[in-house]
Amino acid sequence: MMSWTLDSVRSRVACVLLGLAFLHVPLLLLIELMLGRSVWLPTALAFGMAAAAWLLYATRGAAIVTQLALAIVLIAQVSLMVASLAGHPWQPDMHMYYFAVLALLAGFCDWRPIVLGAALTALHHLALQYILPAAVFYQGGSLGRVLLHAVIVVIETSFLTMVAVMLERMFVLNENSLAKAQENADRERQVAEREKAHGLQVQKLAETFPVLSHLDKHELERLLLMFRPAASVPGER
């Protein structure tokens, strides 16, 4: 039966999110082609970020640095999609993808990628609101719209962070319980093996010396202890 440890869950989530990062490349290309815009720079950026995250996963696994890198890559790719839809009525709808990505990051059972993703989303909206408003909001935005989005992000981030922390603690507790159970099972197996070996010794003694057959088990055990070499491990019978 498959054992779902915290490390294995994080590794699987990382693989899924890496696949999503690479899926964003043709999706972004399609958006640019449909709108008749330059496709090379956004597509190249999206692919380069996905490839960098994959190389990091290949060398470090699903470590926290990989989780944070995936948070950066996915939020950046969504931002490229939002910018690519500048002037299109669907641009506001693409903003919902930020919230979806934050929810996906909760799969790591770690609060840090979620908080980083939320912080990058807020910083992106706030900075581009003054630098390049069209890359964020359809028909322009305002500080009020940025603050509205920020409040929604904070609400979602707070809940997702709480869920991630609880899941991480549950996994750790479960792994500790399994390790303790395995330790107890190993100890009981060793005791049973020692008892079995001792019983065989008593049986062999009785078979070797038939005159002792009238003795009961406890008397045979005491007799066996009398002939135990002095070099025996302390505590062994």
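About the thresholds
- Residues numbered from 1 in each chain as written.
- Predicted model: local features only at pLDDT ≥ 70, side-chain atom pairs only at ≥ 80, totals over all residues.
- Heavy atoms only, no water.
- Helix = DSSP H or I, 4+ residues; strand = E, 2+ residues; numbered from the N terminus.
- Expected span 1.5 Å × (residues − 1).
- Contact = heavy atoms within 4.5 Å.
- Salt bridge = Lys/Arg side-chain N within 4 Å of Asp/Glu carboxyl O.
- Buried < 20%, exposed > 50% of the residue type's maximum accessible area, 1.4 Å probe, protein only.
- Axes fitted to C-alpha atoms, helices over the stretch in contact; angles between N-to-C directions.
- Parallel < 35°, antiparallel > 145°, perpendicular 65-115°, else oblique.
- Left-handed = near helix turned anticlockwise from the far one by under 90°.
- Nonpolar A, V, L, I, M, F, W, Y, C, P; charged D, E, K, R; others polar.
- Arc of directions from axis to C-beta.
- Core = buried A, V, L, I, M, F, W, Y, C linked by side-chain atoms within 4.5 Å.

Trainee: Can you help me understand helix α2 (residues 40-60) in this one?
Mentor: In an α-helix, one turn spans 3.6 residues; hence positions three or four apart end up facing the same way. Here α2 spans 30 Å end to end across 21 residues, near enough to the 30 Å set by a 1.5 Å rise per residue. Check the buried side of α2 and you find it contacts α1 (6-34) and α3 (64-84). Count one or two residues on from α2 and you reach G61, which has phi positive near 70°.

Trainee: Just to check I follow, could you spell out the pattern of salt bridges for this structure?
Mentor: Side chains that differ in sign of charge can pair as their charged atoms come close. According to the stated counting rule, one finds 3 salt bridges in the structure shown. Where R10 meets D110, a salt bridge forms, and the shortest distance between an N and an O atom there is 3.8 Å. With R10 in helix α1 and D110 in the loop between α5 (96-105) and α6 (111-131), the pair connects residues that are 100 residues apart, well separated along the chain. With respect to class, R10 is no different from D110; both count as buried. A salt bridge links D110 to R112, with the shortest nitrogen-to-oxygen separation between them at 2.7 Å. Its relative accessible area of 2% is what places D110 among the buried residues. Residue R112 is classed as partly exposed on the basis of its relative accessible area, which comes to 36%. A network of salt bridges, in which partner residues are shared, links R10, D110, R112 and E168.

Trainee: Honestly, the packing of α1 against α3 in this entry has me stumped. Any pointers?
Mentor: Look at α1 against α3: their axes get within 10 Å of each other, and the N-to-C directions meet at 20°. The orientation of α1 with respect to α3, classified from their angle, is roughly parallel. The interaxial crossing formed by α1 with α3 has left-handed handedness. In this structure, α1 contributes R10, A14, L17, L18, L20, A21, H24, L27, L28, I31 and E32 to the contact, and α3 contributes Q67, L70, V73, L74, Q77, L80, M81 and S84. Residue composition of the contact of α1 with α3, grouped by class: 13 nonpolar, 4 polar and 2 charged.

Trainee: Explain α6 to me, please; I cannot follow it from the model alone.
Mentor: The terminal C-alpha atoms of α6 lie 30 Å apart, and with 21 residues this matches the ideal 30 Å at 1.5 Å per residue to within 8%. By the burial criterion, the buried members of α6 are P113, I114, G117, A118, T121, H124, H125 and Q129. All buried residues of α6 project into a common sector of 135° when viewed along the axis, lining one side. Residues of α6 that are exposed and point more than 90 degrees away from the buried face comprise L123, Y130 and I131.

Trainee: How should the nonpolar core be read in this particular structure?
Mentor: Side chains of nonpolar character tend, in soluble globular proteins, to be buried together. Grouped together as the largest cluster of nonpolar side chains are 41 residues, with contacts concentrated most on L17 and L105. If you list the elements that add at least two residues to this core, you get α1, α2, α3, α5, α6 and α7 (143-208). With residues up to four places along the chain from it excluded, the contact list for L17 reads L70, L74, L104, L105 and F108.

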